[in-house]
Amino acid sequence: MEDSLFTKIRKGDIPGKIVYEDDLCFAIEDINPQAPVHILIIPIKEIEKVSDASEKDINLLGHLLHVSKKIAHDHSLENNYRLIINNGAGAGQSVFHIHVHLLGGRSLDWPPG
Ligand code: AMP
């Protein structure tokens, strides 16, 4: 199976700014930022979308949120940031490798579009 776009960035096959890496996940700056801070937190394991995850992925999914929190802290966002996971094309997903969007650094309206 061909590597996902995000895996290609992690492996250095295409350019991208990696801002965090551990043994389960990595994070990159979004190429088309929607806020002053827009970082994508991505599992190394290629799961297309949340609805494809299974019970054995519970710790991995929790890890993504924990790392998101750490990255938000590192950017001094603390109390004002948003985490988004788009699931499926109809919900706005365009890259089919699970990723958490971390958005912050500006006020964020609700509901999102
Ligand atoms: P989604 O639409 O939820 O699947 O989010 C995919 C995100 O990946 C979008 O915010 C894109 O701007 C971002 N993206 C697409 N290509 C790249 C790339 N080469 N490097 C970094 N981010 C990217």
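Residues numbered from 1 in each chain as written. Predicted model: local features only at pLDDT ≥ 70, side-chain atom pairs only at ≥ 80, totals over all residues. Heavy atoms only, no water.

(A) Representation of the site of the ligand in the model. Taken together, 16 residues sit near the ligand, with Asp30, Asn86, Gly92, Ser94 and His101 positioned nearest. In this structure, isoleucine 31 approaches the ligand through a main-chain N or O atom, which is 3.1 Å from a nitrogen atom. Here an oxygen atom of the ligand sits 2.7 Å away from a polar atom, N or O, in the main chain of serine 94. If the ligand stood free it would expose 500 Å²; the protein chains cover 83% of that surface. Elements supplying a minimum of two residues to the shell around the ligand: helix H1 (5-10) and strand E2 (25-29). In terms of residues, the shell around the ligand owes the most to one element, H1, which gives three residues. Of the residues in the shell around the ligand, the class split is seven nonpolar, seven polar and two charged. (Near = heavy atom within 4 Å. Polar contact = N/O pair within 3.5 Å; in protein donor to acceptor, adjacent residues only side chain to side chain. Areas by Shrake-Rupley, 256 points an atom, 1.4 Å probe, with all protein chains shown as cover. Helix = DSSP H or I, 4+ residues; strand = E, 2+ residues; numbered from the N terminus. Nonpolar A, V, L, I, M, F, W, Y, C, P; charged D, E, K, R; others polar.)

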